[in-house]
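The chain contents come next:
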Amino acid sequence: MRRSTAAAVGTLTGAALIVGVRLSVTAPEVPAAAPAPAANEQPAGGEAGAASKPASKAPAEKAPAEEKEDEGKFKNGTYKADAKYVYGTISLSLKVTGGKIASVQAGYPTANDSGTINPPAIESLKASTLKAQSADVDAVSGATLTSEAYVKGLQAALDKAAK
Amino acid sequence: MRHVEQVMGTAVSIEAASDLIPGVVAWLHEVDARFSTYKEDSEVNRFQRRSLALSDISDDLRHVLDACADLWKFTGGYFDAYAAGPLDPSGYVKGWSVEVASRRLVEAGSTRHFINAGGDIRAVGGPWRVGIRHPWEAGQLCWVLSITDGAVATSGVYERGAHVWNPRTGAPATGLRSVTVTGPDLAVADAYATAALAMGEQGIGWLAERVTDGYESAVVTDDGRAFTSAGLPLAE
């Protein structure tokens, strides 16, 4: 059972690789069982990205696994973990069937983990960021401006003021 | 002083010593003439219709083609100079031309300048305060960065309609509204931002991996979630 737990944690490390996020770098506590096969799995979750750099341990809470022996390296079951990465906390859910990773789901941080700036929140964004800071920027970065958009935009005002 | 030049289909703001500005302006017009896909006899168009052989292209065009090919591979095909069919390297050329202009300014002795080409910025000798446009409110900012020596590029689908396409599906990119990338090279930052936008929400994870190479990012999704990488140089 300890071995299978170890495999599960190792697999979660692999799952983080699949998801394509960098976890806060701490050496994996478990001699990783399987990064290579894990990295070749197709991510099942639509949000999963490409393979990535070393991940750290993800605090794993394993769900009870089926006791059936399979040809694969991992114990069947569904494993969940939260992991920290550069954008905040991410939740991973990993499903193992036939001893192999069947699917990985990743949930990206929601409003609680990152600033929400959807249209209804524009007022609070104004309050927090704009009033405080917009008055004295040197330049504005945005998607390529057409000349008309430029004339109407903040950058034109800045350029005029700086002349 | 600040100079604004209409070139490469956009407005370019140049903040530099006044005697150095004419050289930058001349270079940007030269790039426009040689690389624009809108100009019938540009080098790019002549190469495209094969009136210019690969063996006869300039070193600059060779660099651009090589860089586009490398970025195509590196981004898994999401940065694609052939996305619209014929060769259109302008997604790389704009950032590259500004990068070259900035390097020439440094060589000419400039220790403090910036060039903002339609929202893509290369700055030297800051700290410069660079605002990132709010993707829904043209006159507003959603972040302010402090850039001392580096680039800021933003790709978004709020200007000119949805102009970024997912080259794998041929459909307009969805999921992300605005992607900003900072880092040492403007052409690379711009290409990363465009590729991530084309990837959709997967681009968030892809960008997270670029942090190791010195490229930080800030992303706003279609539904208004905001992501910033831990090392993003936010102004105080």
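Look up: the structure comes first, before these words.
Conventions we followed
Residues numbered from 1 in each chain as written. Chains lettered and ligands numbered in written order. Predicted model: local features only at pLDDT ≥ 70, side-chain atom pairs only at ≥ 80, totals over all residues. Heavy atoms only, no water. Pairing = 2+ DSSP bridges. Helix = DSSP H or I, 4+ residues; strand = E, 2+ residues; numbered from the N terminus. Axes fitted to C-alpha atoms, helices over the stretch in contact; angles between N-to-C directions. Contact = heavy atoms within 4.5 Å. Expected span 1.5 Å × (residues − 1). Buried < 20%, exposed > 50% of the residue type's maximum accessible area, 1.4 Å probe, protein only. Polar contact = N/O pair within 3.5 Å; in protein donor to acceptor, adjacent residues only side chain to side chain. Core = buried A, V, L, I, M, F, W, Y, C linked by side-chain atoms within 4.5 Å. Phe/Tyr/Trp six-rings, centres within 6.5 Å; stacked < 30°, edge-to-face > 60°. Lys NZ or Arg CZ within 6 Å of the ring centre and 35° of its normal. Salt bridge = Lys/Arg side-chain N within 4 Å of Asp/Glu carboxyl O.

## Points about the sheet that holds strand β5 (residues 139–141) of chain A
Part 1 of the reasoning: Taken in spatial order, the three strands of this open sheet run β5(A)-β5(B)-β6(B), and their pairing is mixed. Single-partner strands in this sheet number two, and they are β5 of chain A together with β6 (141–147) of chain B. Geometrically, the sheet is characterised by an average inter-axis angle of 30 degrees between neighbouring strands, direction not taken into account.
Part 2 of the reasoning: Note: β5(A) against strand β5 (residues 128–133) of chain B, three bridges, orientation parallel. Bridge pairing in β5(B) links V140(A) to G131(B).
Part 3 of the reasoning: Along the sheet face, helix α5 (residues 154–162) of chain A touches β5 of chain A together with β6 of chain B and points at about 160 degrees away from the line of β5(A).

## Let's talk about helix α5 (residues 186–199) of chain B
Residues and elements named next belong to chain B.
Part 1 of the reasoning: For α5, which comprises 14 residues, the first-to-last C-alpha distance of 20 Å matches the rise-based estimate of 20 Å (1.5 Å per residue) to within 8%.
Part 2 of the reasoning: Buried residues dominate α5, accounting for 13 of its 14 residues.
Part 3 of the reasoning: Where α5 begins, one side-chain oxygen reaches toward the backbone nitrogen of A187, 2.8 Å away; that side chain belongs to D185.
Part 4 of the reasoning: Directly beyond the C-terminal end of α5, a positive phi value near 75 degrees is found at G200.

## Observations regarding the nonpolar core
Part 1 of the reasoning: Y92(B), W96(B) and V179(B) are the most contacted members of the largest nonpolar core, which totals 62 residues.
Part 2 of the reasoning: Sort the elements by how many residues they give to this core and α5(B) lands first, with twelve residues.
Part 3 of the reasoning: Ignoring sequence-local partners within four residues, the contact set of W96(B) consists of W27(B), V31(B), F35(B), D60(B), H63(B), V64(B) and A187(B).
Part 4 of the reasoning: The next biggest cluster of nonpolar side chains, apart from the first, holds 16 residues, and it includes A139(A), F114(B), W128(B) and I132(B).

## Topic: the packing of aromatic side chains
Residue and element names in this part refer to chain B.
Part 1 of the reasoning: Scanning the entire structure with this criterion turns up seven aromatic pairs over all chains.
Part 2 of the reasoning: Ring geometry for Y192 versus W206: centroids 5.3 Å apart, planes at 90 degrees, classification edge-to-face. With a gap of 14 residues between them, Y192 in helix α5 and W206 in helix α6 (residues 202–210) connect regions that are remote in the sequence.
Part 3 of the reasoning: What makes Y192 buried here is its relative accessible area of 6%.
Part 4 of the reasoning: W206 sits in the buried class, given a relative accessible area of 7%.
Part 5 of the reasoning: Here a set of aromatic residues connected by ring pairs shows up, and it is made of F74, Y192, W206 and Y215.
Part 6 of the reasoning: In this structure, R210 packs its charged tip against the face of W206, placed 4.5 Å from the ring centre.

## Let's talk about the environment of S146(B)
Residue and element names in this part refer to chain B.
Part 1 of the reasoning: Among the secondary structure elements, S146 is positioned in strand β6.
Part 2 of the reasoning: It is 8.0 Å that separates the C-alpha atoms of S146 and E236, two residues lying 90 residues apart in sequence.
Part 3 of the reasoning: If we skip the residues at most four places from it in the chain, S146 touches P127, W128, P233, L234 and A235.

## Thoughts on the pattern of salt bridges
All names here are of chain B.
Part 1 of the reasoning: Evaluated as defined, the whole model comprises twelve salt bridges over all chains.
Part 2 of the reasoning: Here R34 makes a salt bridge to D60, at a shortest N to O gap of 3.2 Å. With R34 in helix α1 (residues 21–35) and D60 in helix α3 (residues 59–74), the pair connects residues that are 26 residues apart, well separated along the chain.
Part 3 of the reasoning: Judged by relative accessible area, which is 19%, R34 ranks as buried.

## Quick notes on the side chain of N166(B)
Residues and elements named next belong to chain B.
Part 1 of the reasoning: Here N166 shows up in the loop between β7 (150–156) and β8 (176–183).
Part 2 of the reasoning: Engagement of the side chain of N166 in a polar contact is seen with the backbone nitrogen of R168, the distance being 2.8 Å.
Part 3 of the reasoning: Among residues more than four places away in sequence, those in contact with N166 are Y78, A171, P172, A173 and A198.

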